[in-house]
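Each chain, written out:
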Amino acid sequence: MRKKITVSTALSFIFIAITVTFCLTMILSARIFEGKVSNVNEKETMYSKISEVDQTVRQYFYTGIDDTAVIDGMSEGYIASLNDSEAKYYTASEVTALQNISKGKLIGIGIEVQKDVSGYYKIVNVDADSPADIAELVKDDMITHINDTSVMSLNTQQVREMLTAAEGTAIKLNYLRNSEENATELVFAIYDAPSIKYSLENNVGYIKMTSFVEDSASEVEYAVKNLISQGAASFALDIRFNSSKEYNYAAEVADIFVKEGTTMYAQYADQSKKVLYTSDEEMVSQPVTVIVNGQTGYAAEMFAVILKDMGGAKLVGTKTMGKCTIQNLYRLSDGSGVEITTARLAPVATADYHGTGLLPDYEKALSADQELNFYDLTITSDPQIQRAIEVAVNMAGQTTE
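In this report, the structure presented in the accompanying data block is examined. Predicted model, so just to flag it, every value in this text is computed and none were measured.

Basis of the calculations
Residues numbered from 1 in each chain as written. Predicted model: local features only at pLDDT ≥ 70, side-chain atom pairs only at ≥ 80, totals over all residues. Heavy atoms only, no water. Pairing = 2+ DSSP bridges. Helix = DSSP H or I, 4+ residues; strand = E, 2+ residues; numbered from the N terminus. Salt bridge = Lys/Arg side-chain N within 4 Å of Asp/Glu carboxyl O. Buried < 20%, exposed > 50% of the residue type's maximum accessible area, 1.4 Å probe, protein only. 1 Å grid on protein atoms, 1.4 Å probe; cavity = no way out; pocket = protein on both sides within 12 Å on 5 of 7 lines; lining within 4 Å. Points joined across faces, edges and corners; volume = space filled by probe spheres on them. Phe/Tyr/Trp six-rings, centres within 6.5 Å; stacked < 30°, edge-to-face > 60°. Lys NZ or Arg CZ within 6 Å of the ring centre and 35° of its normal. Polar contact = N/O pair within 3.5 Å; in protein donor to acceptor, adjacent residues only side chain to side chain. Patch = residues over 30% accessible without salt bridge, like charges linked within 9 Å, V, L, I, M, F, W, Y side chains within 5 Å. Areas by Shrake-Rupley, 256 points an atom, 1.4 Å probe, with all protein chains shown as cover. Lys, Arg positive; Asp, Glu negative; His and termini not counted. Charge placed at Lys NZ, Arg CZ, Asp CG, Glu CD. Core = buried A, V, L, I, M, F, W, Y, C linked by side-chain atoms within 4.5 Å. Contact = heavy atoms within 4.5 Å. Expected span 1.5 Å × (residues − 1).

Description of the pairing of strand 10 (residues 196–201)
Part 1: Note: strand 10 against strand 11 (residues 204–209), 6 bridges, orientation antiparallel. Bridge pairing in strand 11 links Ile 196 to Met 209.
Part 2: In this structure, the hairpin formed by strand 10 and strand 11 is closed by a connection of 2 residues, where Asn 202 is found at a positive phi of approximately 55 degrees.

Examining the pattern of salt bridges
Part 1: Counting across every chain of the model gives 16 salt bridges.
Part 2: Salt-bridge contacts for Asp 67 lead to Arg 58; the nearest nitrogen and oxygen are separated by 2.6 Å.
Part 3: The exposure class of Asp 67 is partly exposed, given its relative accessible area of 39%.
Part 4: Residue Lys 139 is joined to Asp 376 by a salt bridge in which the shortest nitrogen-to-oxygen separation is 3.6 Å. One end of the pair, Lys 139, is in the loop between helix 4 (131–134) and strand 5 (142–146); the other, Asp 376, is in the loop between helix 9 (368–372) and helix 10 (383–395), and 237 residues separate them in sequence.
Part 5: A relative accessible area of 31% means that Asp 376 is categorised as partly exposed.
Part 6: Bridged by salt links that share partners, the residues Glu 86, Lys 245, Lys 323 and Glu 339 form one connected network.

Notes on the layout of surface pockets
Part 1: Estimated volume of the second largest pocket: approximately 270 Å³.
Part 2: Lining of the second largest pocket is provided by Met 46, Tyr 47, Ile 50, Met 74, Ser 75, Tyr 78, Ile 79, Leu 82, Leu 332, Val 338 and Ile 340.
Part 3: Breaking the lining of the second largest pocket down by element, the ones donating at least two residues are helix 1 (7–60), helix 2 (67–80) and strand 18 (337–346).
Part 4: By residue number, the principal contributor to the lining of the second largest pocket is helix 2, which donates 4 residues.

Some remarks on the packing of aromatic side chains
Any pair of aromatic rings gets described here by the distance separating the centres and the angle formed by the planes.
Part 1: What the rule picks out here adds up to 5 aromatic pairs.
Part 2: For the ring pair Phe 212 and Phe 303, a centre distance of 5.3 Å and an interplane angle of 45 degrees mean the geometry is tilted. A residue pair is termed long-range when its members are at least 10 positions apart, and Phe 212 in the loop between strand 11 and helix 6 (216–229) and Phe 303 in helix 8 (residues 299–311) qualify at 91 residues.
Part 3: Taking the relative accessible area as the measure of exposure, Phe 212 reaches 1% and is therefore buried.
Part 4: Between Phe 235 and Phe 257 the ring centres are 6.2 Å apart and the planes differ by 70 degrees, which places this aromatic pair in the edge-to-face class. Of this pair, Phe 235 sits in strand 12 (residues 234–238) while Phe 257 sits in the loop between helix 7 (247–255) and strand 13 (261–267), and the two are 22 residues apart along the sequence.
Part 5: Linked through ring pairs, Phe 241, Phe 374 and Tyr 375 together constitute an aromatic cluster.
Part 6: Over the ring of Tyr 298 we find Lys 245; its NZ or CZ atom is 4.7 Å from the centre of that ring.

Side note on the side chain of Ser 234
Part 1: Mapped onto the secondary structure, Ser 234 falls in strand 12.
Part 2: For Ser 234, a relative accessible area of 0% corresponds to the buried category.
Part 3: Here the side chain of Ser 234 touches Ala 392 through a polar contact of 3.2 Å, landing on its backbone oxygen.

Describing a nonpolar patch on the surface
Part 1: A cluster of nonpolar side chains, namely Met 46, Tyr 47, Ile 50, Met 74, Tyr 78 and Leu 82, defines an oily patch on the protein surface of about 580 Å² accessible area.
Part 2: Of all the secondary-structure elements, those providing two or more residues to the nonpolar patch are helix 1 and helix 2.
Part 3: Tracing the backbone shows Tyr 78 in helix 2.

What about a negative patch on the surface?
Part 1: A surface patch of negative charge is lined by Glu 221, Glu 260, Asp 280, Glu 281 and Glu 282.
Part 2: Here Glu 260 shows up in the loop between helix 7 and strand 13.

Some points on the nonpolar core
Part 1: Grouped together as the largest cluster of nonpolar side chains are 47 residues, with contacts concentrated most on Ile 207, Met 209, Phe 212, Phe 257, Phe 303 and Leu 307.
Part 2: The greatest single-element share of this core, amounting to 9 residues, is contributed by helix 8.
Part 3: The contacts of Met 209, once residues within four sequence positions are left out, are Ser 195, Ile 196, Val 220, Leu 237, Asp 238, Ile 239, Asn 242, Val 253 and Phe 303.
Part 4: Among the nonpolar cores identified, the runner-up in size contains 18 residues, and Val 113, Leu 137, Ile 143 and Phe 188 belong to it.

Quick word on helix 8
Part 1: With 13 residues, helix 8 extends 17 Å from end C-alpha to end C-alpha; this agrees with the ideal 18 Å at 1.5 Å per step.
Part 2: Within helix 8, 10 of the 13 residues are buried, which leaves the element mostly enclosed by the surrounding structure.
Part 3: Along helix 8, the residues classified as buried are Ala 299, Ala 300, Glu 301, Met 302, Phe 303, Ala 304, Val 305, Ile 306, Leu 307 and Met 310.
Part 4: In the stretch just after helix 8, Gly 312 is the one whose phi turns positive, near 70 degrees.

Pasting the structure below:
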């Protein structure tokens, strides 16, 4: 027999349920309110301190104040306080430059320099179609003065800073060519920066990737097809001195050489994982070696890991940087931006290499002299390239090591 519930009993149950719900809601609301009040109080304290500093400086500082510089400096200090070695504040012009770089464009005059034993700075590379190339500067020209300042009194960092400026800035260079003095004036401009170079060496397709940019995948795919048509039986991919942070573009290039599957994860502070990239079923069938060194980092390291884990590639060279974190750039309302670490990269199979670096399968170091004159090395005189080619040839079954 079913027991009937009286109206009064039902009303009592409803009243109790409402009371419990109300109490829980009040407790939760109180906690949220306390959290918000605490957060508001902390922010009020922070803003009050900044306002007090600003008022004090404006009242007593003996000279003028550059408000833009103050805001940039304050923002930079905030980011520096995060204890994130990879975090950085960028001004609006710096954000624009970064966005241009990711699209394969640079602002500059298009030269790389290296200090010579003479004390001058030797041009070791001139980018095609750059202002320096148009002005007919060439490799091995020796820079003696920058804007009438002798480079003899400058260190490498100072020279590189003087060779960096905003678009439209003019710069005067004095240089020696065959012992003859020359002078030219260049204007910093945006130009297309080459991200890859390739050639066929002993039936091995050698591809050098200096960075990963928007068009890298299409450029590498074109190079691979071209090299295979010339008879490439294997590949040697050179990513030394590549420390690009464009992980998505690196994953797109890696897709060309690996089988179908997940190639890259992001791991967050709560240990949750998110798939960042999944490769398709199409892949190059030829075996691959990857040349790495101590300046191979970030996206380039993950590129090497993907090819090792998913494509059976062999690493040649020296231990890499050990940078396994993801930074995201967030643009602010005034055009400036903040870059902060948001996650760790999680390889598919390789153990976590953050802080330790990747060890090559075939170690090959350069001598101190070769390191010093790295840009003078050619494909045939560079021992790391030659070792990678030997391994690639062996992997293709063309000969024995």
